[in-house]
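Results of the structural survey
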Amino acid sequence: MERTKIILDENELPKQWYNILPDLPTPLEPPLNPATNEPIGPDDLSPIFPMGLIKQEMSQDRYIDIPEEVRDIYRLWRPSPIYRAHRLEAALKTPARIYYKNEGVSPPGSHKPNTAIAQAYFNKKEGVERLSTETGAGQWGSALSFACSLFDLECKVYMVKSSFYQKPYRKSLINLWGANVIPSPSTETQAGRSILEKHPDTSGSLGIAISEAVEDAATHDNTKYALGSVLNHVMLHQTVIGLEAKLQMDMVEDYPDVVIGCVGGGSNFSGVSFPFIRDKIKDNKDVDIVAVEPTACPTLTGGDFRYDFGDTAEMTPLLKMYTLGHDFVPPPIHSGGLRYHGDSPIISQLYADGIMRAVAYHQTEIFDAATTFARTEGIVPAPEAAHAIKCAIDMALECKKTGEEKSILFNFSGHGHFDMAAYDTYFNGEMTDE
Ligand SMILES: *Cc1c(COP(=O)(O)O)cnc(C)c1O
């Protein structure tokens, strides 16, 4: 049998991140100041972000050095393995070759520390003492708590209320790494209090939690805000995934016909796909790039491409992106990490330009796919990652019909060890589709 696990050497860990901004066929429209409708500059962002990250947000440099301190921490779990899914292929009886990049091997169990470590580093370097953030499923909160513990920073996490109670062990993990975590909306911020007045029973949303975390940073001198997705610098940090993946595919002398990732705000999808999108734009490579989202929160497949706020309380700059509207409160599906009304402006532009496509799936079919995967490959997927799995399985089954021997690469964005309550709901037959 051909090799199952494709592993890079420690010294093959990328030394630079790949910035797609200079390679975009259509340049991004700038973020706008909502008060003036003028493009915002670095100074508008400096109350909530450190200058090192603001520069990356706007940089036109194609490659940006990864600081040695960050690479040192990446080495705790990177380079991450790619697996050839031989057993899944056999179960599907497909002629396709299925590969997955396993980002579930990081200490918090997802791709999120790729940017959390970098963000904590650049904040620490500029003397910031405390970071505030929001979290949906708790993946980002745990990743940032982990990163802050390594850089000796305080951390405050506003966790979407539905997840706070659905995923108690993510909350415990956030506590274990030392952050202070509370359910959002909370009574600790103006934004939280005003939502609670209007909607006392709200299950919360990422948009609301972002408002609280931004307000926290704006009202504390020693505090900056950290966002786990959507922004350009976050997509940049995640490109270690795709840069490694290209080397790994080279090792087995293969190149993907299809690259798949699930999309919440777009960071793991960007991470795995941008280096391949570069090949598509620059070298005319024929590669099908597919984003997968939940039908319950169909930002690309059902949203509009327009300027919108990143948060519910209208505190963030306006971003040109696909959006369901900043007051959209998605149903409390188990893929908490995919419950965001907007999307990365870079992904939005690539999608509008037809360089990539998007599909959406229902929650129960996602768990069917997760179960098939766990029973063949063994690894338990996070419900978010199962979106990518479902799409890969569908494409592999399509190949079975047509006889095409496609090479399919998907990003396995995280493991599901903290999602067992959701699996219980599924196996009890209590899971519903919106
Ligand atoms: C947060 C998360 C996502 C969604 O976020 P993106 O920024 O779109 O990647 C997907 N999968 C897992 C496991 C997550 O934790």
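No experiment lies behind these values; they were computed from the predicted model shown. (Residues numbered from 1 in each chain as written. Predicted model: local features only at pLDDT ≥ 70, side-chain atom pairs only at ≥ 80, totals over all residues. Heavy atoms only, no water.)

**Focus on the sheet that holds strand E6 (residues 130–135)**
Pairing within the open sheet is parallel, and its four strands lie in the order E8-E7-E6-E9. In this open sheet, the two edge strands, each paired with only one partner strand, are strand E8 (180–184) and strand E9 (223–225). If you compare each strand with its neighbour and ignore which way they point, the axes differ by 25° on average. Here strand E7 (residues 154–160) pairs with E8 via five bridges, running parallel. The residue bridging Lys 156 from the neighbouring strand is Asn 180, located in E8. In this fold helix H10 (residues 206–218) packs onto E6, E7, E8 and E9, with an angle of close to 170° to the strand it touches most, E6. (Pairing = 2+ DSSP bridges. Helix = DSSP H or I, 4+ residues; strand = E, 2+ residues; numbered from the N terminus. Axes fitted to C-alpha atoms, helices over the stretch in contact; angles between N-to-C directions. Contact = heavy atoms within 4.5 Å.)

**Digging into the site of the ligand**
Neighbouring the ligand are 17 residues; Lys 112, Ser 229, Gly 264, Ser 267 and Ser 413 lie closest to it. His 111 is positioned such that a nitrogen or oxygen atom in its side chain is 3.1 Å from an oxygen atom of the ligand. Ser 413 is positioned such that a nitrogen or oxygen atom in its side chain is 2.7 Å from a nitrogen atom of the ligand. For the ligand, whose unbound accessible area comes to 380 Å², protein coverage reaches 97%. When its residues are assigned to classes, the shell around the ligand shows three nonpolar, 12 polar and two charged. (Near = heavy atom within 4 Å. Polar contact = N/O pair within 3.5 Å; in protein donor to acceptor, adjacent residues only side chain to side chain. Areas by Shrake-Rupley, 256 points an atom, 1.4 Å probe, with all protein chains shown as cover. Nonpolar A, V, L, I, M, F, W, Y, C, P; charged D, E, K, R; others polar.)

**Re the nonpolar core**
In this structure, Tyr 225, Phe 274 and Leu 350 are the most contacted members of the largest nonpolar core, which totals 53 residues. It is H10 that contributes the most residues to this core, six residues altogether. Residues in contact with Leu 350, not counting those within four places in the same chain, are Ile 20, Leu 24, Phe 274, Ile 277, Ile 281, Ile 355 and Met 356. Counting 35 residues, the second largest nonpolar core, distinct from the first, contains Tyr 74, Ala 118, Phe 151 and Leu 153. (Core = buried A, V, L, I, M, F, W, Y, C linked by side-chain atoms within 4.5 Å. Buried < 20%, exposed > 50% of the residue type's maximum accessible area, 1.4 Å probe, protein only.)

**Side note on the environment of Leu 318**
Checked against the element boundaries, Leu 318 lands in strand E13 (residues 318–323). Distance from Leu 318 to Ile 241, taken between C-alpha atoms, is 29 Å for residues 77 residues apart in sequence. Apart from residues lying up to four places away in sequence, Leu 318 is in contact with Pro 31, Leu 32, Pro 34, Asn 37, Tyr 307, Asp 308 and Phe 309.

**Details of helix H2 (residues 51–58)**
Taken as a whole, H2 has its buried residues at Gly 52, Leu 53, Ile 54, Gln 56 and Glu 57. Those residues of H2 that are buried lie in contact with strand E2 (16–18), helix H1 (42–45), strand E3 (63–65), helix H5 (113–125) and helix H11 (232–238).

**Description of the packing of aromatic side chains**
Considering all chains together, one arrives at 20 aromatic pairs under this definition. Arranged with centres 5.2 Å apart and planes meeting at 75°, the rings of Phe 164 and Tyr 165 form a pair that is edge-to-face. Using a relative accessible area of 9% as the deciding quantity, one classes Phe 164 as buried. You can call Tyr 165 exposed: its relative accessible area is 56%. Look at Phe 373 and Phe 410: their rings are 6.2 Å apart centre to centre, the planes differ by 70°, and that puts the pair in the edge-to-face class. Taken together, the residues Phe 373 in helix H16 (residues 363–377) and Phe 410 in strand E15 (residues 407–412) connect sequence positions 37 residues apart. The buried category is assigned to Phe 373, whose relative accessible area is 0%. Members of the aromatic cluster, each reached through a chain of ring pairs, are Tyr 83, Tyr 100, Phe 373, Phe 410 and Phe 412. Here Lys 285 stacks its cationic end above the ring of Tyr 255, 4.2 Å away from the centre of that ring. (Phe/Tyr/Trp six-rings, centres within 6.5 Å; stacked < 30°, edge-to-face > 60°. Lys NZ or Arg CZ within 6 Å of the ring centre and 35° of its normal.)

**Section: the side chain of Asn 232**
Residue placement: Asn 232 occurs in helix H11. Classification of Asn 232 as buried rests on a relative accessible area of 11%. Not counting the four nearest positions on each side in its chain, Asn 232 is found in contact with Leu 21, Leu 28, Glu 57 and Ile 346.

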